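What the coordinates show
Each chain is listed here by its residues.
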2 protein chains.
Amino acid sequence: MRGTSSRLLDLLSLLQARRDWPGAELAGRLEVSGRTVRRDVERLRELGYPVESLTGPAGGYRLRAGTAMPPLLLDEDEAIAIAVGLRTAARASVAGIEETAVRALVKLEQVLPSHLRRRVAALGSATIAPAAGGPTVDPQHLTTIASGCRDSECVRFDYRSRDGTGTQRDVEPHSLVNLGRRWYLVGWDRGRDDWRTFRVDRLTRPAATGVRFTARELPGGDPAAFVERSIAGAWNRYEARATVHAPASEIAKRVPHAASGLEPIDDRRCELRTSDDDLGWLAIRIAMLGVDVEVHEPPELIEELSRLAARLGAAAGRPPR
Amino acid sequence: MRGTSSRLLDLLSLLQARRDWPGAELAGRLEVSGRTVRRDVERLRELGYPVESLTGPAGGYRLRAGTAMPPLLLDEDEAIAIAVGLRTAARASVAGIEETAVRALVKLEQVLPSHLRRRVAALGSATIAPAAGGPTVDPQHLTTIASGCRDSECVRFDYRSRDGTGTQRDVEPHSLVNLGRRWYLVGWDRGRDDWRTFRVDRLTRPAATGVRFTARELPGGDPAAFVERSIAGAWNRYEARATVHAPASEIAKRVPHAASGLEPIDDRRCELRTSDDDLGWLAIRIAMLGVDVEVHEPPELIEELSRLAARLGAAAGRPPR
DNA sequence: GGATTGAGGACAGATCCTGACCTAAATCGC
DNA sequence: GCGATTTAGGTCAGGATCTGTCCTCAATCC
């Protein structure tokens, strides 16, 4: 016998792997009597996991969605898919999800068997970066740093500051902040004896040193606000406005992420408002619309589009204007 | 008392939420004696979860990565992040991961509490589609269909065939296949009494009918091969070749997904080979390189780039040539 | 070397678990 | 409507398990 706890986990695992299970089959898989299966189901219900049951032929048990998350029992491939999915989500897929994605990734990677971790790393290098406009961040760096934040463990890395000089830093990481398509580490720089903000895409070879520290209180409390203060004025934000020669509904269907900034003008045109801190990426997004457009502002974007048009014209073999 | 099974899950949850735990604190949280905590740790080890322990001051317990995946105990935000991450991974992020991502998503959504499901759906509509070149697939459709495959339950949907005519289908779903940036459903069409392949981006309002069926054997066995046979010749594939006026290393760093097709020519140029079945998307990828390029073939791509250049020139306010 | 923290054996009492057996209720197919 | 199938759950007895207490060791840090 393998103990009831282990058996309950197996039962949960079975119930997650398929939707409907006849009691007799569960009894066979778990190598217990049908009575015990009924009791186990009762136990799961007591633990808060809603197991439905249907009587009659074609009846059976079924795990429904409840009010709380049950433990997820994943097979190896599923664990890998989740790790890969979280890595991409940690970049810049959906507003506000990134920091939680990193937290979940840390939790997953803590228990991810090493042979799976290798497979994830191998897949990770083949990732299509959705944020192909800006600098890319290695998700591995994010998890290393986030682990440091969570477990109060110092992190050492090489940092390339804005003017290009490289230094080695030893930092007590406080939090990881995602702002405007970039990742920042807020931490206490042990070498400078002060709070600092680091851009994660500018640091290399981060590693936990093994040194534990007692958490300090960040002045102001809110890490995101701290980052905003430190980078104030460090980058521009471009607000674009354009007239799109296609119905809003069609664009919304073809380019879902643009939908929020669309306002219909008439049956055949709509106005698009969108913004970014990266001109190149903004231009690409205009290009992706796939229909005729007139860009009204900002002038920098108009210039960027001219440049891009010239370059593509040249790519197609025409002399640039 | 809450039973040892429940307490073991709580212990696992605690060990996943933070890395280091002194035994006394665990005892307090679980409301048992220290001796019982030691016994619980022993139980977890027997179940195969490697719990490390360190003696002495600053000692404690720590859940390490083992050889098998332990049950993941997620909080609500983490579950959402995973759902969102899997939805994007299910599109086209990393070769070969998509089908597993959908499987994991089905497992997760089966037990995802309804209020969390609503949050995921709300976030999903804001997703930046990485595959903005081609038609997009609603992840919700994928999970509905994949559930049908897993649980042998019929699915009904409206299908828009290539010539634009719409029909309603009632299908016994067999498998969901991801091929060449597109999703296909292979299933037994109950109306036509035959095996059919459906493009998921062409179907709308899929829903489980509740009718169960007994699995049939797919002729040939391999669903992917079946899809390939059915769509053979249905779409063109464009193989592009271009000279990029930048070092291969720089492009590889800036646009990771292009790296595999890069061949250095000299210190300042490289050759890019890449292919796709969607001309528009191919053109966007060229545009994303952000440097000067000469495209040699295919002629269709050169024409597409000219069109794009003209459109962007116009967008920037210049008269198209 | 002393303080702290985990390891684990022994024990007694309480609790829990399992399989067997039985009856009831719901559902499906004929 | 009837019979077959499937879950629901009560009861019982024997055995296994679990818990807290008490104790001694071992490892580690200061």
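In this report, we go over the structure that sits alongside the text.

What counts, and at which threshold
- Residues numbered from 1 in each chain as written.
- Chains lettered and ligands numbered in written order.
- Predicted model: local features only at pLDDT ≥ 70, side-chain atom pairs only at ≥ 80, totals over all residues.
- Heavy atoms only, no water.
- Pairing = 2+ DSSP bridges.
- Helix = DSSP H or I, 4+ residues; strand = E, 2+ residues; numbered from the N terminus.
- Axes fitted to C-alpha atoms, helices over the stretch in contact; angles between N-to-C directions.
- Contact = heavy atoms within 4.5 Å.
- Core = buried A, V, L, I, M, F, W, Y, C linked by side-chain atoms within 4.5 Å.
- Buried < 20%, exposed > 50% of the residue type's maximum accessible area, 1.4 Å probe, protein only.
- Buried area = accessible area lost by both parts, 1.4 Å probe.
- Salt bridge = Lys/Arg side-chain N within 4 Å of Asp/Glu carboxyl O.
- Polar contact = N/O pair within 3.5 Å; in protein donor to acceptor, adjacent residues only side chain to side chain.
- Nonpolar A, V, L, I, M, F, W, Y, C, P; charged D, E, K, R; others polar.
- Near = heavy atom within 4 Å.
- Least-squares fit on C-alpha atoms with pLDDT ≥ 70 in both.
- Expected span 1.5 Å × (residues − 1).
- Phe/Tyr/Trp six-rings, centres within 6.5 Å; stacked < 30°, edge-to-face > 60°.

Here the focus is the sheet that holds strand 5 (residues 182-189) of chain B. Residues and elements named next belong to chain B. The strand order across the open sheet built from five strands is 6-5-4-3-7, with neighbouring strands paired in antiparallel fashion. The sheet is open, and its two edges are formed by strand 6 (194-199) and strand 7 (203-212), each paired on a single side. Sheet twist, expressed as the mean angle between neighbouring strand axes with direction ignored, is 45°. Pairing of strand 3 (residues 153-160) with strand 4 (residues 166-179) involves six bridges; the strand directions are antiparallel. Counterpart to Arg-156 in the pairing with strand 4 is Asp-170. Contacts between helix 8 (residues 223-231) and the sheet are confined to strand 4, strand 5 and strand 6, with strand 4 contributing the most and set at about 125° to the helix.

Another point: the nonpolar core. Of all hydrophobic cores here, the largest spans 112 residues; its most connected members are Leu-176 of chain A together with Leu-176 of chain B. With residues up to four places along the chain from it excluded, the contact list for Leu-176 of chain B reads Glu-99, Val-102, Leu-142, Ile-145, Ala-146, Cys-149, Trp-183, Tyr-184, Leu-185 and Val-200 of chain B. Residues Leu-308 of chain A together with Leu-262, Trp-281 and Leu-282 of chain B belong to the second largest nonpolar core, which totals 58 residues.

Frequently, the measure chosen for interface size is the accessible area removed from exposure when the parts meet. The interface of chain A with chain B comprises 98 residues on the first partner and 99 residues on the second. For the pair chain A and chain B, the summed buried surface comes to about 8300 Å²; carbon and sulfur atoms form 63% of the total. Remark: the boundary between chain A and chain B carries 10 salt bridges. At the junction of chain A and chain B, the tally comes to 21 residue pairs in polar contact (both at pLDDT 80 or more). Among the elements that take part in the side of chain A that touches chain B, helix 4 (residues 76-92) of chain A stands out by supplying 13 residues, more than any other. Of the residues in the side of chain A that touches chain B, the class split is 57 nonpolar, 19 polar and 22 charged.

Moving on: the environment of Arg-35 of chain B. Position of Arg-35 of chain B among the secondary structure elements: in helix 3 (residues 34-46). Taking the C-alpha atoms as reference points, Arg-35 of chain B and Gly-23 of chain B, separated by 12 residues in sequence, lie 9.3 Å from one another.

Every one of the 24 residues lining DNA strand C counts as a neighbour, but Arg-7, Thr-36 and Arg-39 of chain A together with Gly-23 and Tyr-61 of chain B are closest to it. Sugar plus phosphate, as a fraction of atoms of DNA strand C within 4 Å of the protein: 64%. Within the side chain of Arg-38 of chain B, one N or O atom sits 2.9 Å away from a base oxygen of DNA strand C. At a separation of 2.5 Å, a phosphate oxygen of DNA strand C approaches a polar side-chain atom of Tyr-61 of chain B. Taken together, the elements giving at least two residues each to the surface near DNA strand C come down to helix 1 (4-17) and helix 3 (34-46) of chain A together with helix 3, strand 1 (51-54) and strand 2 (60-63) of chain B.

This part takes up the relation of the copies chain A and chain B. Rotating chain A by 179° and translating it 0.1 Å along the rotation axis places it on chain B, where the RMSD comes to 0.6 Å. Taken together, the rotation and translation describe the operation of a two-fold axis. With an isologous cut-off of 70% or more, the 100% of interface residues of chain A that recur at the interface of chain B puts this contact in the isologous class.

Turning next to helix 11 (residues 299-315) of chain B. Taking 1.5 Å per residue as the helical rise, helix 11 of chain B with its 17 residues ought to reach 24 Å, and the 24 Å between its terminal C-alpha atoms agrees with that figure. The elements touched by buried residues of helix 11 of chain B are helix 10 (279-288), strand 11 (293-297) and helix 11 (299-315) of chain A together with strand 8 (238-244), helix 10 (279-288) and strand 11 (293-297) of chain B. Of the residues one or two after helix 11 of chain B, Gly-317 of chain B is the one with positive phi, at around 100°.

With that settled, the discussion passes to the pattern of salt bridges. This model, assessed by the stated rule, comprises 52 salt bridges over all chains. Taking the shortest distance from any N to any O, the salt bridge between Glu-304 of chain A and Arg-307 of chain A comes out at 2.6 Å. Residue Glu-304 of chain A and its partner Arg-307 of chain A are located together in helix 11, separated by three residues, close to a single helical turn. Glu-304 of chain A gets classed as buried once you look at its relative accessible area, which sits at 13%. We classify Arg-307 of chain A as partly exposed; its relative accessible area is 42%. Notably, a salt bridge pairs Arg-87 of chain B with Glu-109 of chain B, separated by 3.8 Å at the nearest N-O pair. One end of the pair, Arg-87 of chain B, is in helix 4 (residues 76-92); the other, Glu-109 of chain B, is in helix 5 (residues 98-111), with 22 residues separating them in the sequence. Exposure remark for Glu-109 of chain B: the relative accessible area of 8% places this residue in the buried category. Overlapping salt bridges, with partners in common, bring together Arg-19, Asp-20 and Arg-62 of chain A together with Arg-150, Asp-151 and Glu-153 of chain B in one network.

Below, the discussion takes up the side chain of Glu-172 of chain B. By the secondary structure assignment, Glu-172 of chain B is in strand 4. In this structure Glu-172 of chain B touches Cys-154, Gly-187, Trp-188, Arg-190, Phe-213, Thr-214 and Arg-216 of chain B, once residues within four positions along its chain are discounted.

Each pair of aromatic rings is reported with the distance of its centres and the angle of its planes. Counted under the stated rule, the structure contains eight aromatic pairs over all chains. Residues Phe-157 of chain A and Tyr-159 of chain A carry aromatic rings whose centres are separated by 6.3 Å and whose planes lie at 70° to one another, so their mutual orientation is edge-to-face. When its relative accessible area of 1% is taken as the criterion, Phe-157 of chain A is described as buried. Between Phe-157 of chain B and Phe-198 of chain B the ring centres are 5.2 Å apart and the planes differ by 80°, which places this aromatic pair in the edge-to-face class. On the criterion of sequence distance, the pair formed by Phe-157 of chain B in strand 3 and Phe-198 of chain B in strand 6 is long-range, its members being 41 residues apart. On the accessibility criterion, Phe-198 of chain B (1% relative accessible area) is buried. Three or more aromatic residues link up through ring pairs in this structure, and these residues are Phe-157, Tyr-159 and Phe-198 of chain A.

We now examine the sheet that holds strand 9 (residues 262-266) of chain B. The strands making up a sheet associate through hydrogen bonds between their backbones, and the pairing can be parallel or antiparallel. All names here are of chain B. The strand order across the open sheet formed by four strands is 9-10-8-11, and the pairing between neighbours is antiparallel. At either margin of the open sheet sits one strand with a lone partner, and together these are strand 9 and strand 11. Each strand axis lies, on average, 25° off the axis of its neighbour in the sheet, ignoring direction. Across the sheet, helix 11 is in contact with strand 8 and strand 11; its angle to strand 11 comes to roughly 140°.

Topologically, Leu-86 of chain A is positioned in helix 4. Classification of Leu-86 of chain A as buried rests on a relative accessible area of 0%. Excluding its chain neighbours within four sequence positions, the residues that come into contact with Leu-86 of chain A are Ala-101, Ala-104 and Leu-105 of chain A together with Ala-81 and Ile-82 of chain B.

Read these as layout, nothing more, since geometry by itself doesn't imply function.
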